[in-house]
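# Structural overview for review
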Amino acid sequence: MEICPVGEEGYEEFVAFLDAGMRPEGASTQVADDFPVILGADNLAGMIGIRGDAGWIAGLAALTRTFTTTAGPVEVAGLGSVVTHPDHRGQGLSSRLQRAMVERLAAAGTPLAVLWTDQPEIYAGRGFQAAGWEFHLDLGPLASHGSWPPDAGYRPVDGAAAAADLAALYDRHPLRTRRLAGDHAALYGMPGTTIRALVRDGRIEAFACCGKGIDFPGYVAEWAGAAMDVLPLLGRVAAEGLATRALVPAGNERFLERAVAAGAGFAVVPSGLWAVLRPDRLQALCGPVDPGRERDATAWLGEVVAEGEVRPGRLQVAVWGLDSV
Ligand SMILES: CC(C)(COP(=O)(O)OP(=O)(O)OC[C@H]1O[C@@H](n2cnc3c(N)ncnc32)[C@H](O)[C@@H]1OP(=O)(O)O)[C@@H](O)C(=O)NCCC(=O)NCCS
């Protein structure tokens, strides 16, 4: 059975196939709601699958975007929506799709790929390993002790309608995804995400995106604004019962320090499973790593070491939760 592109004519059936495979029990949101950019019709070129007699039997998607990193702009591909029909599992179909996608991305010059899973063994054979770091902030103490700025209001936000304002705040993060124009409304308009904002004079000055369909329950998956506004906002969404934790990607260590000073606890975890597809490209950006470690993602991106400390690599990349695929 051949690996084939999805194409416009196969698109709806492909997304329905992924939904059935990833949400066999049904759920309040569908996969295309929670992953609207990677599974959007604009990303058909990033979707591949294998067809059987009665339709799709295996599929996989990838979304490539430029990330601003400490070594400058770097292309990163996120891999997701990895599904094989239950009748065809254990036959190597997903391995074939993963390999084909990784080869295609490497040929296109994409240096890094990332994915998220609780089953790393499915991807380890293609070089994916835990690397990088991010912080998971415990919002409980902020909810009970926070004080709200007297000159600011607190209100719900319609993410799709306010996408341009939210994107402008998000773009102040030094390490981020360079989202394309259509990405903003799709990401901030996800039906499973609840957004709250701190406003002054009618202007959104900080926001917090709570949840991401069933993908990020209880988490503030993205926030932006000045720390003096974001911290009370995180406390407020926690007090409202919208989230118990917040994602703090690498590069926001000063913000983390302020949150900890305000009483919040945190854990540090790898930022994803990463594969180095084009070490030559990374080397051109930030110099060589130790010989023999060119394909070791921890050499480039750093890692969380056993004591919960981080060991930096050659560059830092931050992936916010709304961009997880
Ligand atoms: C995960 C899934 C896509 C695997 O598809 P598959 O076609 O059966 O996978 P393959 O036979 O190609 O195996 C892929 C790799 O995963 C490993 N693997 C597959 N199922 C496994 C399992 N249940 N436990 C441990 N390893 C497993 C295989 O050994 C293989 O490793 P290798 O290529 O390095 O030798 C399939 O089980 C599925 O659709 N599950 C439901 C959706 C899902 O959970 N997707 C993953 C989201 S992160």
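Note that the structure is a prediction, hence the values are computed from the model and not measured.

## What about the overall build of the protein chain?
From N to C terminus, the protein chain includes ten helices and 17 strands. Compactness check: the protein chain gives a C-alpha radius of gyration of 20 Å against a globular reference of 20 Å for 325 residues, within 12% of the reference. Residue burial in the protein chain is summarised as follows: out of 325 residues, 46% are buried. Counting contacts in the protein chain only where the partners sit at least 6 residues apart, residues at least 24 apart contribute 72% of the total.

## Regarding the site of the ligand
In the neighbourhood of the ligand, 17 residues make up the surrounding shell, with Thr84, Arg89, Ser94, Ser95 and Gly125 lying closest. Looking at the shell around the ligand, the elements that each hand over two or more residues are helix H1 (7–22), strand E4 (72–84) and helix H3 (93–107). The class makeup of the residues in the shell around the ligand is six nonpolar, nine polar and two charged.

## Details of the domain arrangement of the protein chain
Quite often, the size of an interface is put as the accessible area lost when its parts meet. The domain boundaries assigned to the protein chain delineate domain 1 (1–132 + 272–325) and domain 2 (134–269). Its C-alpha centre places domain 1 at a distance of 25 Å from the equivalent point of domain 2. For the side of domain 1 that touches domain 2, the secondary structure elements donating two or more residues are helix H2 (31–34) and strand E3 (55–69). Element by element, the count of residues in the side of domain 1 that touches domain 2 is highest for E3, at five residues. Partitioned by chemical class, the residues of the side of domain 1 that touches domain 2 number eleven nonpolar, eleven polar and five charged.

## A word on unusual backbone geometry
Non-glycine residue Ser81 carries a positive phi angle of around 50°. Its place among the elements puts Ser81 in strand E4. Not every positive phi belongs to a glycine, and Asp201 is a case in point at roughly 50°. The residue Asp201 is located in the loop between strand E10 (194–200) and strand E11 (203–210) in this model.

## Remarks on the pairing of strand E7 (residues 134–138)
With five bridges joining them, E7 and strand E13 (residues 245–249) adopt antiparallel strand pairing. Paired with Leu137 across the bridge in E13 is Ala246. Across five bridges, E7 lies against strand E14 (residues 265–269) in antiparallel orientation. Residue pairing in the sheet places Asp138 in a bridge with Gly265 of E14.

## Here's the deal with the sheet that holds E11
Strands belonging to one sheet form pairs held by backbone hydrogen bonds; the direction of such a pair is parallel or antiparallel. Taken in spatial order, the seven strands of this open sheet run E8-E10-E11-E12-E13-E7-E14, and their pairing is mixed. With one partner strand each, in any of the chains shown, strand E8 (153–157) and E14 form the two edges of the open sheet. Direction aside, neighbouring strands of the sheet carry axes that sit 30° apart on average. Against the sheet, helix H5 (residues 163–170) contacts E11 and strand E12 (219–225), and its axis sits at roughly 85° relative to E11.

## Thoughts on the nonpolar core
Side chains of nonpolar character tend, in soluble globular proteins, to be buried together. Ranked by size, the top nonpolar core spans 99 residues in total, and within it Phe207, Val220, Leu234 and Ala246 carry the most contacts. The leading source of residues in this core is E3, at eight residues. Counting the residues that make up this core, at least three belong to each of domain 1 (1–132 + 272–325) and domain 2 (134–269).

## A short note on H3
Here H3 spans 21 Å end to end across 15 residues, near enough to the 21 Å set by a 1.5 Å rise per residue. Among all positions in H3, only Leu93, Ser94, Leu97, Gln98, Met101, Val102 and Leu105 are buried. The arc that holds every buried residue of H3, seen down its axis, measures 160°, which confines them to one face. Among the exposed residues of H3, those oriented more than 90 degrees off its buried face are Glu103 and Ala107. Along its buried surface, H3 packs onto strand E1 (3–5), strand E2 (47–52), E3, E4, strand E5 (112–115) and strand E15 (272–276). Among the residues trailing H3, Gly109 stands out with phi positive, at a value near 90°.

## Quick word on the environment of Gly182
With respect to the secondary-structure elements, Gly182 resides in helix H6 (residues 181–188). Each C-alpha atom of the pair Gly182 and Asp42 lies 9.1 Å from the other, and the pair is 140 residues apart in sequence.

## A few points about the environment of Gly313
Assignment of secondary structure puts Gly313 in the segment after strand E17 (310–311). Look at Gly313 and you get buried, because 23 C-beta atoms sit within 10 Å. Placed 16 residues apart in sequence, Gly313 and Ala297 show a C-alpha to C-alpha distance of 8.7 Å. Ignoring sequence-local partners within four residues, the contact set of Gly313 consists of Thr298, Ala299, Trp300, Leu301 and Gly302.

Parameters at a glance
Residues numbered from 1 in each chain as written. Predicted model: local features only at pLDDT ≥ 70, side-chain atom pairs only at ≥ 80, totals over all residues. Helix = DSSP H or I, 4+ residues; strand = E, 2+ residues; numbered from the N terminus. Rg over C-alpha atoms; globule rule 2.2 N^0.38 Å. Buried ≥ 20, exposed ≤ 12 C-beta atoms within 10 Å, placed from the backbone. Contact = placed C-beta atoms within 7 Å. Near = placed C-beta within 6 Å. Nonpolar A, V, L, I, M, F, W, Y, C, P; charged D, E, K, R; others polar. Domains from an automatic or database assignment. Pairing = 2+ DSSP bridges. Axes fitted to C-alpha atoms, helices over the stretch in contact; angles between N-to-C directions. Core = buried A, V, L, I, M, F, W, Y, C linked by C-beta atoms within 7 Å. Expected span 1.5 Å × (residues − 1). Arc of directions from axis to C-beta.

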